[in-house]
Amino acid sequence: MEPESSTEATDVRIAIIGAGFGGLGMAIRCKQEGIDDFVVLERGEDLGGTWRDNCYPGCACDVPSHLYSFSFALNPNWSHIFARRQEIWEYLRDCSERFGIAPHIRYHHEVQAADWIDAADHWRLQTSSGPLTARVMIAAGGPLSQPSVPTLPGLERFAGESFHSAQWNHDYDLRGKRVAVIGTGASAIQFVPRIQPKVAKLHLFQRTAPWVLNRPEHRITSVEKLLLRNIPGLQRAIRHGIYWGGESAIFGLVHDQRLLKPVESLALRHLRNQVTDPELQRRLTPNFRLGCKRVLGSSDYYPALTQPNAEVVTDPITRVRRQAIVTEDGVVRDVDAIIFGTGFHVTDNPMMQMVRGREGKSLAEVWQGSPQAYLGMTVPGFPNGFLLVGPNTGLGNNSIVFMIEAQVRYVIGALKAMERHGLSSLEVRPEANAAFQQEVQARMPGSVWTDGGCSSWYLDANGRNSTLWPDFTWRYALRTRRFDLNHYRARLDLSTRTPSEALALALA
Ligand code: NAP
């Protein structure tokens, strides 16, 4: 796709940043509500967000697709229970076309700076394709959008090929190569079984053994699709079933960790069934409570690690040489390529540096390592700014699309309130935010994320869980169902009103 022409409006009402699940969901619901004056600023040359970027072999969603999809765009044609990345990407493109979003998207518009200009009640955005002002900014860049590569000593001198799982180099032929994979998270366990049969040697550098449950693949048959298409309510019923299954995990994750033990037993049995070598079993046995990190599902991860060309390395990496990786025990492993399955900058996402609020401070400066936002969406000092999948609204046990839809509903409520009352700006009250933070953090002690014996990207630099929603998601949906103006400081838009109109609006 070509960069947009310079004739585009540079002053818009709403700028949505990112054309992934969040940004598209927001755009579609705006459109459905008759709000048409918005743009979607997308840094790439196509939409899809994480499902565009992550194209590593085996990439699929580990949440069943009948739930991991918009409630207003159910898809009876998913080919698998856990759809592959390509199919999810196509689903998003289809949604964009179907709901008329395509003309609103401006590709090659990476937002590089966003400053709130108080005197003008708008955001001034600097993008890679030029400046823009917007009355409202909705940041939907996603928390898993900035790959994180560890700073290993000597890495800069490595002469082989190296890339991150979210920036897969498909031009590099892995066949017959000696490959190091660093990381054993949700991404690695999907691509490791795909690359292991191709490579000469696979060294999997594991820092922490993850919990892995058996997850057999199920291809949805044409008869099943026929039933899904033709039996009224069947798709919704399945969706509900999956949703409530995910919700039930909260009892163990937040309330009583003993409830997680039967699931741990299942995972350990899965390990024993697939790995018979006691030493390998020991290495692959997690040493923390299930759920403290994302619980993974795979039926082919362990078998790949039992193959003669695979090795699980648990000694920490001390340095990288031109063609080798050295571990603490002094062993030198010659490698042709390093693949980083090392996750993303979540609580230190660069977006936090570039968004500056009323007092000229960036989100990073205000947050000091611990992101926080009222309902995970609005931040005192950052008027007319909304975050989708912001602080404490991530999930480990259910579909993030559910949270996105709840947030989109809330933001639509805010946009309508602005319209209805003739407001030029809305800013969440610090006391509303403080009370919310207290409430959320009060739920953390005793939860598996803070007391489960692991360190994970759910915890920020200050050791605070600022990523996950620590409760049932239906409670979040109820909580955000209505936009409550009482929690906000509002400024009237006097520029378009006569004094008597302004008075009437103020009293409304
Ligand atoms: P991740 O879960 O953050 O895993 C990163 C892995 O890299 C961990 O095993 C971590 O070890 C390891 N690591 C990080 N820095 C390291 C270092 N300096 N030295 C050695 N090892 C290091 O990343 P991810 O697998 O890309 O997944 C990120 C998130 O994306 C997931 O949690 C999930 O939310 C999402 N995701 C979803 C799907 C899906 O199907 N829906 C698929 C993929 C990813 P430690 O465990 O010791 O920190």
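As a starting point, this report considers the structure included with it. Residue positions are given per chain, counted from 1 along the sequence in the order it is written. Only residues with pLDDT of 70 or above have their local features reported here, since the model is predicted, and side-chain atom pairs are shown and tallied only from 80 upward, although totals for entire chains, interfaces and linings are computed over all residues. No hydrogens and no water enter the side-chain calculation; it runs on all heavy atoms of the structure.

Quick look at a nonpolar patch on the surface now. To count toward a patch, a residue needs a relative accessible area above 30% and no salt bridge. Like charges then connect within 9 Å, nonpolar side chains (Val, Leu, Ile, Met, Phe, Trp, Tyr) within 5 Å. In these tables, accessible area is a Shrake-Rupley quantity obtained with a 1.4 Å probe, and a residue counts as shielded only by the protein chains included in the view. Think of a salt bridge as a Lys or Arg side-chain nitrogen and an Asp or Glu carboxyl oxygen that are within 4 Å of each other. The grouping of Val223, Leu227 and Ile231 at the surface amounts to a nonpolar patch, some 250 Å² of accessible area in total. Strands here are runs of E lasting at least two residues and helices are runs of H or I lasting at least four, both read from the DSSP assignment and numbered beginning at the N terminus. Among the structural elements, Leu227 can be located in helix α5 (residues 222–230). Burial here depends on accessible area, computed with a 1.4 Å probe over protein chains only, as a share of the maximum for the residue type. Under 20% is buried, over 50% is exposed, and the range in between is partly exposed. Residue classification places Leu227 among the partly exposed positions, given a relative accessible area of 40%.

We now examine the site of the ligand. Working definition: residue near molecule or strand if any one of its non-hydrogen atoms lies within 4 Å of it. Taken together, 22 residues sit near the ligand, with Asp62, Thr184, Ser187, Thr208 and Lys293 positioned nearest. Polar contact criterion, stated in full: a pair of N or O atoms within 3.5 Å, where within protein one must be able to donate a hydrogen and the other to accept it, and residues adjacent in sequence count only if both atoms are side-chain atoms. In the model, an oxygen atom of the ligand is placed 2.8 Å from a nitrogen or oxygen of the Lys293 side chain. Separating an oxygen atom of the ligand from a backbone N or O atom of Gly343 is a distance of 3.4 Å. For the ligand, the accessible surface in isolation is 900 Å², of which the surrounding protein chains cover 83%. Classification convention: Asp, Glu, Lys, Arg as charged; Ala, Val, Leu, Ile, Met, Phe, Trp, Tyr, Cys, Pro as nonpolar; all other residues, Gly among them, as polar. Classifying every residue of the shell around the ligand gives 9 nonpolar, 9 polar and 4 charged.

Right, let's get into the nonpolar core. Note on terminology: a nonpolar core comprises buried Ala, Val, Leu, Ile, Met, Phe, Trp, Tyr and Cys residues joined through side-chain atoms within 4.5 Å. The biggest cluster of nonpolar side chains holds 112 residues, and the ones touching the most others in it are Phe21, Met26, Val181, Val192 and Ile195. The dominant element in this core, judged by the number of residues it contributes, is helix α12 (residues 400–421), at 13 residues. Whether two residues are in contact is decided by their heavy atoms: any pair within 4.5 Å suffices. In this structure Val181 touches Ala188, Phe191, Val192, Ile195, Leu202, His203, Leu204, Phe205 and Ile339, once residues within four positions along its chain are discounted. Counting residues in each nonpolar core, the second largest holds 23 residues, with Trp123, Ala139, Val379 and Phe382 among its members.

With that settled, the discussion passes to empty space enclosed by the protein. A probe matching the size of a water molecule, rolled over the atoms, marks out where space remains unfilled. Here a cavity denotes a set of grid points, spaced 1 Å apart and computed over the protein atoms alone, in which a 1.4 Å probe fits but from which it cannot get out, and a pocket denotes an open set meeting protein on both sides within 12 Å along at least five of seven lines; residues with an atom within 4 Å of a point are reported as lining. Grid points are joined across faces, edges and corners, and a volume is the space filled by probe spheres set on the points. The tally for this structure, following the rule as stated, stands at 2 cavities of 30 Å³ or more. Of the pockets and cavities examined, the largest cavity occupies roughly 80 Å³. Lining the largest cavity, in full, are Trp123, Met137, Ala139, Val355, Leu363, Met377, Thr378, Val379, Phe382, Gly385, Phe386 and Leu387. Those elements giving two or more residues to the lining of the largest cavity turn out to be β6 (130–139) and β18 (385–387). By residue number, the principal contributor to the lining of the largest cavity is β18, which donates 3 residues. Tallied by class, the residues present in the lining of the largest cavity amount to 10 nonpolar, 2 polar and no charged. Of the pockets and cavities examined, the second largest cavity occupies roughly 40 Å³. Along its surface, the second largest cavity is lined by Thr378, Val379, Phe382, Asn384, Gly385, Phe386, Leu426, Val428 and Tyr488. For the lining of the second largest cavity, the elements supplying multiple residues, two or more each, are β18 and β19 (423–428).

These results come straight from atomic positions and should not be treated as a statement about function.
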